[in-house]
Amino acid sequence: MNQTPISLGIDVGSVAVKVVLLESGNIRRSVYRRFTIGPYETLSAVLNESFSDLKGNPVRLGLTGIGAKTLHNILGGNVFGEIAALAAANFKLVPEAKTVIEMGGEDSKLLILDSERKMVADFAMNAQCAAGTGSFLDQQAGRLSISIEEEFGQLALKSKNPPRIAGRCSVFAKSDMIHLQQIATPDSDIVAGLCFAVARNFKSSIARGKKFDRPVVFEGGVAANPGMVRAFTEILELDEGELIIPEHHKVMAAVGASLLAEEKDEVVACFDPSKIESYQDFVTSENSNREALKFSFPSNKHYDVHNEKIPADGPPIDVYFGIDVGSLST
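Numbering of residues starts from 1 in every chain and runs along the sequence as written. In keeping with the predicted nature of the model, local features appear solely for residues at pLDDT of at least 70, side-chain atom pairs appear and are counted solely at 80 or more, and the whole-chain, interface and lining totals rest on all residues. Side-chain metrics rest on all non-hydrogen atoms present in the structure, leaving aside hydrogens and water.

J.: I tried to follow the overall build of the protein on my own but got confused; where do I start?
T.: The secondary structure listing takes helices from DSSP runs of H or I that are at least 4 residues long and strands from runs of E that are at least 2 residues long, numbered from the N terminus. Across its full length, the protein carries 10 helices and 11 strands. Counting over 330 residues, the protein shows a buried share of 45%. Only heavy atoms matter for contacts: two residues are in contact if any of them lie within 4.5 Å across the pair. Within the protein, residue pairs in contact and separated by at least 24 positions form 71% of the contacts whose partners lie at least 6 positions apart. Of the roughly 18300 Å² that the protein leaves accessible, carbon and sulfur atoms contribute 50%. Classification of residues uses two cut-offs on accessible area relative to the type maximum, computed with a 1.4 Å probe and protein chains only: under 20% is buried, over 50% is exposed, and between them is partly exposed. Accessibility throughout is a Shrake-Rupley quantity obtained with a 1.4 Å probe, and a residue counts as covered only by protein chains that appear here.

Now the structure itself:
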């Protein structure tokens with residue numbers, strides 16, 4: 001059993017869980033994992049695989065993200081706001097930072113930092129709509145059958161003249177993409193256009209005239225996308241070295257939560273991640289007792305098809321072929 005409690009930061013986000021182990025202010029272990037199952041099942045798997053040695057030990061536990069309050073009810077620990085957690089991480093890991101852009105699955109944040117006084121001078125976040133975030137890019141990549149993690153960013157770098165695409169609304173973006181596909185626009189130009197749309201949307205809808213003091217730090221899962229790095233560099237007119245991507249950019253909020261937990265110095269005496277499984281079993285059993293909603297659709301109403309065969313042995317006839325490529329059907 002550890003004699004000196006270590007600090008564990010957990011960020012349960014909208015598309016991924018992030019866990020960071022801190023010892024005496026230094027990062028010893030970090031894991032970022034996108035959901036393949038539910039968030040708490042994913043977290044349970046991460047803790048069992050990479051942090052099993054902590055079970056039964058005293059731990060300073062810091063929680064942040066959309067699932068932090070629920071996790072607090074399961075494991076204990078302290079809940080910290082995402083802005084406070086991100087600020088703490090940047091003051092520690094990127095002390096020269098003046099402006100922070102954090103972009104995750106369903107939200108985007110702008111932080112203006114006062115590094116001398118170690119405080120947040122100003123901040124802004126997106127509204128509840130996820131347009132212009134990581135999920136927005138995921139959704140559009142799916143429509144193009146492009147891997148968001150492997151192909152999307154590299155493909156965007158090939159574009160010389162990214163077209164203008166709406167970034168404030170997924171519906172408008174989809175309409176623009178369909179139009180571009182119909183006029184045979186290369187996929188590289190479309191994905192680059194999406195990256196620039198997200199960057200422009202961030203500047204106009206979230207920053208709203210706020211000054212981007214240099215250096216600017218770009219973090220969150222979206223910061224791994226080189227197409228987005230290019231877009232922010234050009235949209236914000238940044239010179240080389242003025243846009244920083246931290247080594248731990250995907251887990252910065254978890255880093256901050258662990259730092260704040262270390263500062264608060266309240267210990268969970270016997271850390272037990274197996275409580276997550278017990279909680280999940282309870283939720284599953286509760287849901288299984290609920291009567292599912294039943295919908296019934298007449299089978300003959302899905303499609304309206306008229307198919308008249310043309311006789312093979314008759315005289316030649318004039319036929320006309322019409323195609324309507326719409327936004328949802330062909």
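Resuming the write-up.
J.: What exactly am I supposed to notice about the side chain of Asp11 here?
T.: Structurally, Asp11 is set in strand S1 (residues 6-12). Taking relative accessible area as the criterion, Asp11 reaches 6% and is therefore assigned buried. Excluding anything up to four places from it in sequence, Asp11 contacts Ala16, Val17, Lys18, Thr64, Gly65, Ala253 and Ala254.

J.: How should the pattern of salt bridges be read in this particular structure?
T.: Oppositely charged side chains can pair when the atoms bearing their charge come close. Each salt bridge in this description consists of a side-chain nitrogen of Lys or Arg and a carboxyl oxygen of Asp or Glu lying within 4 Å of one another. Counted by the stated rule, this structure contains 16 salt bridges. Note that Asp272 is salt-bridged to Lys55, the shortest N-O span being 4.0 Å. Of this pair, Asp272 sits in the loop between strand S11 (267-268) and helix H10 (274-288) while Lys55 sits in the loop between helix H1 (39-50) and strand S4 (59-65), placing them 217 residues apart in sequence. By relative accessible area, which is 21% here, Asp272 ends up partly exposed. By relative accessible area, Lys55 is classed as partly exposed at 49%.

J.: Could you clarify how one ought to interpret the nonpolar core in this entry?
T.: Within soluble globular proteins, side chains that are nonpolar generally end up buried alongside one another. Here, the term nonpolar core denotes a set of buried Ala, Val, Leu, Ile, Met, Phe, Trp, Tyr and Cys residues that are joined through side-chain atoms within 4.5 Å. Formed by 40 residues in total, the largest nonpolar core has its most connected members in Ile101, Phe218, Met228 and Phe232. Those elements that provide at least two residues to this core are strand S6 (99-103), strand S7 (108-114), helix H4 (134-143), helix H5 (152-156), helix H6 (170-182), helix H7 (187-207), strand S9 (216-219) and helix H8 (226-235). Residue contributions to this core peak at 12 residues, all from H7. Discounting residues that sit within four places of it in the chain, Ile101 has contacts with Lys109, Leu110, Phe202, Phe212, Val216, Val217, Phe218, Glu219, Phe232 and Leu236. Counting residues in hydrophobic clusters, the runner-up holds 24 residues, among them Val17, Ala68, Ile74 and Phe271.

J.: How should the side chain of Ser7 be read in this particular structure?
T.: By the element assignment, Ser7 lies in strand S1. Residues in contact with Ser7, not counting those within four places in the same chain, are Val20, Leu21, Leu22, Arg60, Ser258, Ala261 and Glu262.

J.: Help me understand the environment of Ile165, please; the structure alone is not making it clear to me.
T.: On the secondary structure map, Ile165 appears in the loop between H5 and H6. By relative accessible area, Ile165 is classed as buried at 4%. C-alpha of Ile165 to C-alpha of Leu194: the two residues are 29 residues apart in sequence and 6.2 Å apart in space. Leave out the neighbours within four places in its chain, and Ile165 touches Ala173, Asp176, Met177, Leu180, Ile190, Gly193, Leu194, Ala197 and Arg200.

J.: Mind showing me how you'd approach H7 here?
T.: Expected helix span is computed as 1.5 Å times (number of residues minus one). With 21 residues, H7 extends 29 Å from end C-alpha to end C-alpha; this agrees with the ideal 30 Å at 1.5 Å per step. Most of H7 is tucked away, with 17 of its 21 residues classed as buried. Among the residues trailing H7, Arg208 stands out with phi positive, at a value near 50°.

J.: Which parts of the structure should I look at to understand the packing of aromatic side chains?
T.: Each aromatic ring pair is specified by the distance between its two centres and by the angle formed by the two planes. Here the aromatic set is Phe, Tyr and Trp, taking the six-membered ring for Trp, and pairing holds for ring centres within 6.5 Å; pairs whose planes are under 30 degrees apart are stacked, those over 60 apart are edge-to-face, and all others are tilted. Tallied over the full model, the rule gives 4 aromatic pairs. Cluster of aromatic residues (ring-pair linked, three or more members): Phe202, Phe212, Phe218 and Phe232.

J.: How should I be thinking about the pairing of S4 in this particular structure?
T.: Every other side chain in a regular strand lies on the same face of the sheet, so the side chains alternate between the two faces. Burial analysis of S4 places 7 of its 7 residues in the buried class, which makes it a mostly covered element. Relative to S4, S1 runs parallel, the two sharing 7 bridges. Paired with Ile10 across the bridge in S4 is Leu63. By the convention used here, strands pair only if DSSP detects at least 2 bridges between them. Both S4 and S11 contribute to a ladder of 2 bridges, which runs antiparallel. Among the inter-strand pairings, Arg60 is bridged to a residue of S11, identified as Val267.

J.: What should I look at first to understand the packing of H7 against H8 in this one?
T.: When two helices pack together, their arrangement is given by the angle between the helix axes and the distance between those axes. Angles here are taken between N-to-C directions and fall from 0 to 180 degrees, while the axes themselves are lines fitted to C-alpha atoms, restricted in helices to the stretch in contact. At their nearest, the axes of H7 and H8 sit 8 Å apart, and the two run at 50° to each other. With respect to each other, H7 and H8 are oriented oblique. By crossing handedness, the relation of H7 to H8 is classed as right-handed. Listed contacts from H8 to Ala192, Cys195, Phe196, Val198, Ala199, Arg200, Phe202 and Lys203 of H7 are Gly227, Met228, Arg230, Ala231, Phe232, Glu234 and Ile235. Under the convention adopted here, Pro, Cys and the residues Ala, Val, Leu, Ile, Met, Phe, Trp and Tyr are nonpolar, Asp, Glu, Lys and Arg are charged, and Gly plus all remaining residues are polar. Here the residues of the contact of H7 with H8 are counted per class, giving 10 nonpolar, 1 polar and 4 charged. Should an angle fall under 35 degrees it is called roughly parallel, over 145 degrees roughly antiparallel, and 65 to 115 degrees roughly perpendicular, with every other angle called oblique. Two helices crossing with the near one rotated counterclockwise from the far one by less than a right angle form a left-handed crossing, whereas a clockwise rotation gives a right-handed crossing.

J.: I tried to follow the sheet that holds S9 on my own but got confused; where do I start?
T.: In any sheet, the strands associate via hydrogen bonds between backbone groups, in a parallel or an antiparallel arrangement. Reading across from one edge, S8-S7-S6-S9-S10 is the order of the 5 strands in this open sheet, with mixed pairing throughout. What marks the edges here is a single partner per strand, and that holds for strand S8 (119-125) and strand S10 (243-244). Summarising the sheet, S6 and S9 pair through 4 bridges and their orientation is parallel. Looking at S9, one finds that Thr99 is bridged to Val216.

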